[in-house]
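The primary structure of each chain is shown beneath.
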Amino acid sequence: PAPRTVLLTGAAGGLGTLMRELLPSHGHTLRLLDVVPVGPLPGREGPAEEVITADLADRDALREAVRGVDAVVHLAGISLESSFEKILKANIEGTYNLYEAVREEGVRRVVFASSNHAIGYTPRPGDGDPLIPVDTPRRPDTFYGLSKCFGEDLAQLYWDRHGIETVSVRIGSCFPEPTTVRMLSVWMSPADGARLFHAALTAPDVGHTVVYGSSANTRLWWDLSSARALGYEPQDDSEPYAAKLIAEQGELDPDNPDHACLGGHFTTNPPRWPH
Ligand code: NAI
Ligand code: 15L
């Protein structure tokens, strides 16, 4: 498929920085948006990028930001637990504002960064149990996870009512390396993240599709078939990190509530958004 011009929201964040580095090699031209200024990529001459500093609360700025793009990769928002009021503003109203801008400007597709925390209270499968399907009931573990449920439902509404396509990616943990035993199951390598976002941007006729976002981990908990149906072919597996992490941290303990559910410690003591 032809390269796409893509608005990347949340471009100053951790995942935004990784995707900013990796998506151009899949042929995409990026326009970057964040509420904090997006600096130059350290140590690397980036390809030509347009940069917009704007809050998701600013409807006029969002309209301008989406004007002329083929698609939006929507990563901006609060990425950990916070007060309901802050989550409401950034993630719920912010995502609504973005979809309204997309509708008004005739953009055809969004890739929405949902999260495993939309289903965080789902018990993690044990050995031999079936993988968690994408249509498992939502069980958000935080107001943060609840905002991702809202985003998925908003995406469904904008497909059914307005014909705007979305792939909602329930991302596990996308960081350069897995750092916990739980992440052995939910890790998405940055390179696989870019492969998945590329597939989500280019697959035909996605309507509203929900996928899990992870590598092909040996200890996988969920079903990647809806992601593979988009053309995603994960190349990475966290298993080479397993021996060291298990030696340091021990195996997951079925009696430890932090280890009982997909959402891990978000179900017991969620990390808080610092701002
Ligand atoms: P991050 O916290 O590093 O980046 C989020 C970015 O959004 C920040 O640069 C922040 O300035 C920006 N932002 C926050 N509120 C905004 C607003 N009102 N207007 C404009 N920009 C705003 O988070 P990270 O890890 O990069 O995650 C990106 C997205 O992916 C988030 O939506 C997160 O919920 C989702 N996600 C990430 C996972 C991961 O493993 N990194 C796992 C699951 C979901
Ligand atoms: C998320 O949704 C967070 O945004 C990310 O920072 C990680 O904590 C990830 O989930 C996870 O579950 O590890």
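Since the structure is predicted, the reported quantities are computational estimates derived from the model, not experimental observations. (Residues numbered from 1 in each chain as written. Chains lettered and ligands numbered in written order. Predicted model: local features only at pLDDT ≥ 70, side-chain atom pairs only at ≥ 80, totals over all residues.)

Student: It is not clear to me how the overall build of the chain should be interpreted in this structure. Could you clarify?
Tutor: Assigned secondary structure in the chain consists of eight helices and seven strands. Over its C-alpha atoms the chain spans a radius of gyration of 18 Å, differing by no more than 12% from the 19 Å that the globule rule assigns to 275 residues. For the chain, the proportion of its 275 residues judged to be buried stands at 48%. Residue pairs at least 24 apart in sequence account for 71% of intrachain contacts in the chain once pairs closer than 6 positions are excluded. (Helix = DSSP H or I, 4+ residues; strand = E, 2+ residues; numbered from the N terminus. Rg over C-alpha atoms; globule rule 2.2 N^0.38 Å. Buried ≥ 20, exposed ≤ 12 C-beta atoms within 10 Å, placed from the backbone. Contact = placed C-beta atoms within 7 Å.)

Student: What should I look at first to understand the site of ligand 1 in this one?
Tutor: As a matter of local geometry, ligand 1 sits amid 23 residues, with Gly-13, Leu-15, Ser-79, Ala-113 and Ile-171 nearest to it. Counting only elements with at least two residues in the shell around ligand 1, the list comes to helix H1 (14-22), helix H3 (84-105) and strand E5 (109-115). Top element by residues in the shell around ligand 1 is H1. It accounts for three residues. Its residues placed into classes, the shell around ligand 1 shows 12 nonpolar, nine polar and two charged. (Near = placed C-beta within 6 Å. Nonpolar A, V, L, I, M, F, W, Y, C, P; charged D, E, K, R; others polar.)

Student: So what exactly am I meant to see when it comes to H3 here?
Tutor: Because an α-helix completes one turn every 3.6 residues, residues spaced three or four positions apart along the sequence face the same direction. Here H3 contains 22 residues, and its C-alpha end-to-end distance of 30 Å stays within 8% of the 32 Å for a straight helix at 1.5 Å per residue. Roughly 35° is the biggest bend found in H3, and it falls at Gly-94. Among all positions in H3, only Ile-87, Ala-90, Asn-91, Gly-94, Thr-95, Leu-98, Tyr-99, Ala-101 and Val-102 are buried. Structurally, H3 contributes buried residues whose contacts are with strand E1 (5-9), helix H2 (59-66), strand E4 (71-74), E5 and helix H4 (143-162). Of the residues one or two after H3, Gly-106 is the one with positive phi, at around 75°. (Expected span 1.5 Å × (residues − 1). Bend = angle between axes of the 7 residues up to and from the residue.)

Student: Got a minute to help me understand the nonpolar core in this structure?
Tutor: Most often, soluble globular proteins keep nonpolar side chains buried together rather than apart. Counting residues in each nonpolar core, the largest one holds 72 residues, and the members touching the most others are Val-6, Val-72 and Val-111. Among the elements that make up this core, the one with the highest residue count is H4 (seven residues). Look past the residues within four positions of Val-72 in its chain and what remains in contact with it is Val-6, Leu-7, Thr-9, Val-66, Leu-98, Val-102, Val-107 and Val-110. (Core = buried A, V, L, I, M, F, W, Y, C linked by C-beta atoms within 7 Å.)

Student: Before we go on, may I ask you to explain unusual backbone geometry in this structure?
Tutor: What you tend to see is this: most non-glycine residues have negative phi, and most peptide bonds are trans. With phi around 50°, Asp-205 is a residue other than glycine that occupies positive phi space. Examined against the element boundaries, Asp-205 turns out to sit in the loop between helix H6 (190-202) and strand E7 (208-213).

Student: How should I be thinking about the sheet that holds E4 in this particular structure?
Tutor: Note on sheets: strands pair through backbone hydrogen bonds, and any given pair is parallel or antiparallel. Read across the sheet, seven strands follow the order E3-E2-E1-E4-E5-E6-E7 without closing on themselves; strand pairing throughout is parallel. Two strands bound the open sheet, and with one partner strand each, they are strand E3 (50-53) and E7. Direction aside, neighbouring strands of the sheet carry axes that sit 20° apart on average. Contacts from H4 reach E5, strand E6 (165-171) and E7, with the element oriented near 155° to E5. Its contacts with the sheet put H6 on E1, E4, E5, E6 and E7, and the angle it makes with E5 is roughly 140°. (Pairing = 2+ DSSP bridges. Axes fitted to C-alpha atoms, helices over the stretch in contact; angles between N-to-C directions.)

Student: So what exactly am I meant to see when it comes to the pairing of E7 here?
Tutor: Working note: regular strand, side chains alternate between the two faces of the sheet. In terms of burial, E7 is largely enclosed, as six of its six residues are buried. Every second residue of E7 is oriented toward a common face, with His-208, Val-210 and Tyr-212 on one face and Thr-209, Val-211 and Gly-213 on the other, all of them buried.

Student: Even after reading the chapter, I still don't get the pairing of E5, so can you show me in this structure?
Tutor: Taking burial as the measure, the seven residues of E5 include seven buried ones, the bulk of the element. The alternating pattern of E5 places Arg-109, Val-111, Ala-113 and Ser-115 on one face and Val-110, Phe-112 and Ser-114 on the opposite face, and all of these are buried. Read from E4 through H3 to E5, the crossover connection turns out right-handed. The pairing of E5 with E6 spans seven bridges and is classified as parallel. Looking at E6, one finds that Ser-115 is bridged to Ile-171. Each parallel crossover has a hand, and for E5 linked through H4 to E6 it is right-handed. (Right-handed = clockwise from strand over helix to strand, strands pointing away.)

Student: Got a minute to help me understand the confidence of the model for the chain in this structure?
Tutor: The predicted coordinates of low-pLDDT regions are not to be read in fine detail. Per-residue confidence for the chain averages 96 on the pLDDT scale, and 97% of its residues sit at or above 70. Our summary of model confidence lists the complex with pTM equal to 0.98 and ipTM equal to 0.99. (pLDDT = per-residue confidence, 0-100.)

Student: Which parts of the structure should I look at to understand the environment of Gln-156?
Tutor: Looking at the element boundaries, Gln-156 is found in helix H4. Note on Gln-156: 15 C-beta atoms within 10 Å, which makes it partly exposed. Remark: the alpha-carbon pair of Gln-156 and Val-210, spanning 54 residues in sequence, is separated by 9.8 Å.

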